[in-house]
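Examination of the molecular architecture
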Amino acid sequence: MTNYYSVTLKFGHVGKHSYIVKSVPIAAENGKEAAYRARWMGRAKHHEKYAILETVKITKEEYDAMMIEKKNDPYFNVKSKQEQDLFCEGIEDEICYYSDD
C-alpha cells in the first residue's frame, strides 16, 4: 500500500558550508523508505548524518499540491550554478550556514 509523506531535508549546491531546507513529497510504503528516497534524490545532502529533518505522513491531496509546488520551484529545475543564479531569485534568503560550534 502506498502512503504519502512530506520529507523536510537539507539540500546543497548553494555555496560552501551552507545548505537550503526544503520539503519534498514522497510516495512510499513507510516513513523510513520515504526518508531514504528523499536522501538520495538530486541535490540532497546525501552523506550528511542529519540531512533528514522531518518525515510527516500527508494526504493524497497534500501530496499532489506539493508535487505541483516542487515542479514549479526553480531550485529543482536548474541544471547548473549559472542557471541557479539566473532563475532562483531570492534563494540567498533561504540559505542556512553551518556554525563552527
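What this report covers is the structure whose coordinates are included nearby. Note that the structure is a prediction, hence the values are computed from the model and not measured.

**Describing the packing of aromatic side chains**
- Scanning the entire structure with this criterion turns up five aromatic pairs.
- Summarising the aromatic geometry, the rings of Tyr4 and Tyr63 are spaced 4.7 Å apart at their centres and angled 45° between planes, so their arrangement reads as tilted. Here Tyr4 is found in strand 1 (residues 3-11), whereas its partner Tyr63 is found in helix 2 (residues 60-71), with 59 residues between them in sequence.
- Note on Tyr63: relative accessible area 13%, which makes it buried.
- An aromatic cluster is defined as three or more aromatic residues linked by ring pairs; in this entry it consists of Phe11, Tyr75 and Phe76.
- Above the ring of Phe76, the side-chain terminus of Lys70 is found at 5.2 Å from the ring centroid.

**A few points about the nonpolar core**
- Judged by nonpolar contacts, the single largest core of 19 residues is most densely connected at Val7, Leu9, Phe11, Val24, Ile26 and Tyr75.
- Every element with two or more residues in this core is listed here: strand 1, strand 2 (18-28) and helix 1 (31-39).
- Each residue touching Val24, except ones within four places of it in the same chain, is listed here: Tyr5, Ser6, Val7, Leu9, Phe11, Ala38, Met41, Met66, Lys70 and Phe76.

**What to know about the pairing of strand 2**
- Summarising burial for strand 2: eight of the 11 residues are buried, a large majority.
- In sequence, strand 1 turns back onto strand 2 through a hairpin of six residues, with His13 there showing a positive phi of about 65°.
- Of the strand pairs in this sheet, strand 2 and strand 4 (residues 95-97) are connected by three bridges, and their pairing is antiparallel. Looking at strand 4, one finds that Ile20 is bridged to Ile95.

Criteria and thresholds
Think of each chain on its own: its residues are numbered from 1, step by step along the sequence as written. For this predicted model, a pLDDT threshold of at least 70 governs which residues receive local features, and a threshold of 80 or more governs which side-chain atom pairs are given and counted, while totals over whole chains, interfaces and linings are taken from all residues. Based on all heavy atoms of the structure, the side-chain values leave hydrogens and waters out of the count. Centres within 6.5 Å make a pair out of two Phe, Tyr or Trp rings, where for Trp the six-membered ring is used; the pair is then stacked when the planes are under 30 degrees apart, edge-to-face when over 60, and tilted otherwise. A run of DSSP states H or I qualifies as a helix once it reaches four residues; a run of E qualifies as a strand once it reaches two. Both are numbered from the N-terminal end. Throughout this description, buried means an accessible area under 20% of the type-specific maximum (1.4 Å probe, protein chains only), exposed means over 50%, and partly exposed covers the range between. Only when the NZ atom of a Lys or the CZ atom of an Arg is both within 6 Å of the ring centre and within 35 degrees of the ring normal do we say a charge sits over the ring. Only buried residues count toward a nonpolar core. Its members are Ala, Val, Leu, Ile, Met, Phe, Trp, Tyr and Cys residues joined through side-chain atoms within 4.5 Å. Note on contacts: a residue pair qualifies if any of its non-hydrogen atoms lie within 4.5 Å across the two residues. For two strands to be treated as a pair, DSSP must find at least two bridges joining them.

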